[in-house]
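Residue-level structure breakdown
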Amino acid sequence: MKELTIDKTTAGQRLNKYLLKYFKNAGSSFIYKMLRKKNIVLNGKKATGSEMLKEEDKIKVFFSDETFAKMRGEAAAKASANRLASLPVKPLDIVYEDEDILVINKPAGLLSQGAKEGDDSVNSRILAYLWKEKKITEESFALFHPSVVNRLDRNTSGLVLAGKTLAGSQMLTEEIRNHSSQKYYHCFVAGRLEEERQLRDYLIKDVAQNRVYVRKDFCVGALQIKTDVTPLQVFEDCTYVRVKLLTGRTHQIRAHLASIGHPVIGDPKYGDKKINAIFRQRDHVHSQLLHAAEYIMSDGRSFQAKEPELFDTLLKRKG
């Protein structure tokens, strides 16, 4: 007999889902059979699998050692842990951390989440950090993979949020799904934008080209986008603005600002090539000047990310 204790990392999920994750080589029919025969019990009682797990719940498993190891997939779990241990520990600008979540200030040029194994990303750096600090273990990682819950474009800097536990991930995901958080970006746009703008349009996504298009009228497949733009400082050839993101669509800020004639400076996809060339040569701007600066959660917690040095340099030079 083996006893499993539910901790904060894995609490908040149904028993059957937990068991399917824990026993990776077991199918649903096997799990339910073991529950019916009381070879798996929850807190000393027969369980159906639909119970919601809480911290300190005890699951007793009456398997032979051979069956336990086979259903557990211990070799795969060990290989996964070895991959974690081999991740290089790289710089990670931690804005906030508690038992459930991490908030990171991502530099421009770094992926939020890798597309393939071996990619350097915020996600891989978080995993390396948590492993090094012994905040995840081989067993906890087999049951839940800490991961970022929001993504920024590679060349956008600023706040990226991650769930360290299932509860943290669920909470952050719910905030995003319900639009209950407030998200603010800072950026430099081309031209003089002298008045606050409330932009309300529709967005069409071209998956093949990885590009979006903004239009005034609805059409099939279009999604509504809402972006509020407030000028903070107006210069001769550009404006430093604050953007409140009310809907979170792909490339929304970049495409929306470009659609009103004020593209983000340095944006290679939606920006003005001539203006970008001037700022690249004169001010050494090599990525889009767009920064996820502030995130205010529904519970009142507020996170701010320091802007890249180039932002300060431009403000001082132009001020």
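Treat the numbers as computed from the prediction; the structure is a model and nothing was measured.

1. Looking at the side chain of S147
Take S147: it is sitting in strand β7 (residues 147–148). Engagement of the side chain of S147 in a polar contact is seen with the side chain of N123, the distance being 3.4 Å. Ignoring any residue separated from it by four or fewer positions in sequence, one finds S147 in contact with Q113, N123, L161, A162 and G163.

2. Section: helix α1 (residues 15–22)
Within α1 the residues assigned to the buried category are L15, N16, Y18, L19 and Y22. Along the long axis of α1, the arc covered by the buried residues comes to 160 degrees, so they all point the same way.

3. Here's the deal with the nonpolar core
I126, Y185, C187, V243 and L257 are the most contacted members of the largest nonpolar core, which has 31 residues in total. Among the elements that take part in this core, helix α5 (residues 122–132) stands out by supplying five residues, more than any other. Here C187 is in contact with T239, Y240, V241, V243, L257, V264, L289, L290 and F311, once residues within four sequence places are set aside. Ranked by size, the runner-up nonpolar core spans 23 residues in total, among them Y22, F23, L35 and V61.

4. Description of unusual backbone geometry
Look at E56: it is not a glycine, yet its phi comes out positive at around 75 degrees. Among the secondary structure elements, E56 is positioned in the loop between β3 (45–46) and β4 (58–61). For E56, a relative accessible area of 52% gives the class exposed. The phi dihedral of H251 is positive, around 55 degrees, even though this residue is not glycine. Mapped onto the fold, H251 is located in the loop between β13 (238–245) and α8 (252–259). Given the relative accessible area of 9%, H251 is considered buried.

5. Things to note about the sheet that holds strand β2 (residues 40–42)
The four strands lie next to each other as β1-β4-β2-β3, forming an open sheet whose pairing is antiparallel. Only two strands of the sheet have a single partner each, and these edge strands are β1 (2–5) and β3. Where β1 meets β4, four bridges bridge the pair, whose relative direction is antiparallel. Along β4, the bridge assignment pairs E3 with K60.

6. Some remarks on a negative patch on the surface
On the surface, D7, E55, E56, E99 and E139 cluster together into a patch of negative charge. Looking at where E99 falls in the secondary structure, it is placed in the loop between β5 (94–97) and β6 (101–106). You can call E99 exposed: its relative accessible area is 58%.

7. Observations regarding the side chain of T247
Note on placement: T247 falls in the loop between β13 and α8. Overall, the relative accessible area of 10% leaves T247 in the buried class. A polar atom in the side chain of T247 sits 2.8 Å from the side chain of Q252. In this structure T247 touches Q224, I225, K226 and Q252, once residues within four positions along its chain are discounted.

8. Concerning the packing of aromatic side chains
Evaluated as defined, the whole model comprises 10 aromatic pairs. Arranged with centres 5.0 Å apart and planes meeting at 35 degrees, the rings of F188 and Y240 form a pair that is tilted. Linking F188 in strand β9 (residues 182–190) with Y240 in strand β13, this pair joins segments that are 52 residues apart in sequence. Geometrically, the ring pair formed by Y202 and F218 is edge-to-face, given 5.7 Å between the ring centres and 70 degrees between the ring planes. Placement of the pair is Y202 in strand β10 (residues 197–206) and F218 in the loop between β11 (211–215) and β12 (223–234), with a sequence separation of 16 residues. Given a relative accessible area of 53%, F218 falls into the exposed group.

9. Describing α5
Of all 11 residues that make up α5, nine are buried, and the element is covered over most of its length. Along α5, the positions that sit buried rather than exposed are V122, N123, S124, R125, I126, L127, A128, Y129 and L130. Against the buried residues of α5 lie α4 (74–86), β5, β6, α6 (138–143), β7 and β8 (157–163). In the stretch just after α5, K134 is the one whose phi turns positive, near 60 degrees.

10. Looking at the pairing of β12
Summarising the sheet, β10 and β12 pair through seven bridges and their orientation is antiparallel. If you follow R200 over to β12, its bridge partner there is K226. Pairing analysis gives seven bridges linking β12 to β13, with the strands arranged antiparallel. What sits directly across from T227, in β13, is L245. As consecutive antiparallel partners, β12 and β13 are separated by three residues.

11. Notes on a positive patch on the surface
Together, K33, R36, K37, K38 and K46 make up a positively charged patch on the protein surface. With respect to the element layout, K38 can be found in the loop between α2 (28–36) and β2.

What counts and how
Residues numbered from 1 in each chain as written. Predicted model: local features only at pLDDT ≥ 70, side-chain atom pairs only at ≥ 80, totals over all residues. Heavy atoms only, no water. Helix = DSSP H or I, 4+ residues; strand = E, 2+ residues; numbered from the N terminus. Polar contact = N/O pair within 3.5 Å; in protein donor to acceptor, adjacent residues only side chain to side chain. Contact = heavy atoms within 4.5 Å. Buried < 20%, exposed > 50% of the residue type's maximum accessible area, 1.4 Å probe, protein only. Arc of directions from axis to C-beta. Core = buried A, V, L, I, M, F, W, Y, C linked by side-chain atoms within 4.5 Å. Pairing = 2+ DSSP bridges. Patch = residues over 30% accessible without salt bridge, like charges linked within 9 Å, V, L, I, M, F, W, Y side chains within 5 Å. Areas by Shrake-Rupley, 256 points an atom, 1.4 Å probe, with all protein chains shown as cover. Salt bridge = Lys/Arg side-chain N within 4 Å of Asp/Glu carboxyl O. Lys, Arg positive; Asp, Glu negative; His and termini not counted. Charge placed at Lys NZ, Arg CZ, Asp CG, Glu CD. Phe/Tyr/Trp six-rings, centres within 6.5 Å; stacked < 30°, edge-to-face > 60°.

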